[in-house]
Amino acid sequence: MSRITLLTDFGTRDGYVGAMKGVIASIYPGAIIDDVSHSLPFGNIDAAGRALARYWSRYPVGTTHIVVVDPGVGTERRALALEADRRFVVAPDNGVVSRVLDAALETRIVSIEDPEFLLPEPSSTFHGRDVFAPAGALLAHGLHVTRLGPIIDDPVRVSQPAIVVEETGIKGEVVSLDRFGNLITNVPGTRVTAGVSVEIGGRMIPVVGTYGDVPPHSLAAVVNSDGCVEVAARDRSAAELLEANVGTPIRIPKL
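These figures come from a predicted structure and were not determined experimentally. (Residues numbered from 1 in each chain as written. Predicted model: local features only at pLDDT ≥ 70, side-chain atom pairs only at ≥ 80, totals over all residues. Heavy atoms only, no water.)

Asks: I'd love a proper account of unusual backbone geometry, names of residues and values included.
Replies: Here Arg-86, not a glycine, exhibits a phi torsion of approximately 65°, which is positive. Structurally, Arg-86 can be placed in the loop between β4 (79–84) and β5 (87–92). Taking relative accessible area as the criterion, Arg-86 reaches 57% and is therefore assigned exposed. Of note in this structure, His-217 is not a glycine but carries a positive phi near 70°. Examined against the element boundaries, His-217 turns out to sit in the loop between β11 (203–206) and β12 (219–223). (Helix = DSSP H or I, 4+ residues; strand = E, 2+ residues; numbered from the N terminus. Buried < 20%, exposed > 50% of the residue type's maximum accessible area, 1.4 Å probe, protein only.)

Asks: How would you summarise helix α1 (residues 16–27) if you had to cite specific residues and measurements?
Replies: When the terminal C-alpha atoms of α1 are compared, their 17 Å separation across twelve residues agrees well with the 16 Å that a helix rising 1.5 Å per residue should span. For α1, the set of buried residues is Val-17, Met-20, Val-23 and Ile-24. The buried residues of α1 occupy an angular sector of 125° when the element is viewed end-on, so they sit on one face. In the core, the buried residues of α1 are packed alongside β1 (3–8), β2 (32–37), β3 (64–68) and α4 (127–140). (Expected span 1.5 Å × (residues − 1). Arc of directions from axis to C-beta. Contact = heavy atoms within 4.5 Å.)

Asks: Go over the packing of aromatic side chains, please, and point to the residues and values.
Replies: Two aromatic rings are characterised by how far apart their centres lie and by the angle between their planes. According to the stated counting rule, one finds four aromatic pairs in the structure shown. Geometrically, the ring pair formed by Phe-10 and Tyr-16 is edge-to-face, given 6.0 Å between the ring centres and 65° between the ring planes. Measuring from ring centre to ring centre gives 5.5 Å for Tyr-16 and Phe-126, while their planes differ by 85°; the resulting arrangement is edge-to-face. Of this pair, Tyr-16 sits in helix α1 while Phe-126 sits in the loop between β6 (107–111) and α4; the two residues are 110 residues apart in sequence, bridging distant segments of the chain. Each residue in the set Phe-10, Tyr-16 and Phe-126 is aromatic and connected to the rest through ring pairs, giving one cluster. Across the ring face of Phe-180, the terminal group of Arg-179 is positioned such that the distance to the ring centre comes to 5.4 Å. (Phe/Tyr/Trp six-rings, centres within 6.5 Å; stacked < 30°, edge-to-face > 60°. Lys NZ or Arg CZ within 6 Å of the ring centre and 35° of its normal.)

Right under this line is the structure:
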């Protein structure tokens, strides 16, 4: 049996996820379906791409990942099926697969166009059910990715802001907030060591090994599980304490 993962911003109240699962079950009853999350911020492509990057390659070879965060549904944007290091990703062509493309050693991308592999008369507002779910189920069941449509080499790519290296230090910014209120930055963890400090919101915050290395409610900078510098507050929200959000500058002074 093959495994399929689902990542959406649909929530679980309205039956949209159930509709997708019903399509998958009808095409491939034996598929194992993992709900990664349906609570992503509405239409937030960057948040979806970051989440996908954390798990797609952790799953076994042959896994199919379906991602539906799709503010452009029904427009001219393409629907993609991506083979990456012997795993599959089915998603809108809006940049959500950028980090997968950056990380994978081998990729092949097609534009899902063959109507044979879609639901009849697909809705212009629910491609998750009518395009991505059937394509993902068929890939998991063994359909060759090139059967879905033509190979393409120009998927939409998005990149995060680059750090700026100056004589006085490194400048970066907050690029994401997680549900704990931790501030995830674009500064690679290789740019800091324990004992230095980072500056954000006019405050100098020490770099430590882990959250428990500071007293409760205190701020700390750590290298997180993504390998990036993160500013956190033990048992609190750093975003609230620092009144920070995506785009807030961060600086690592040169020692």
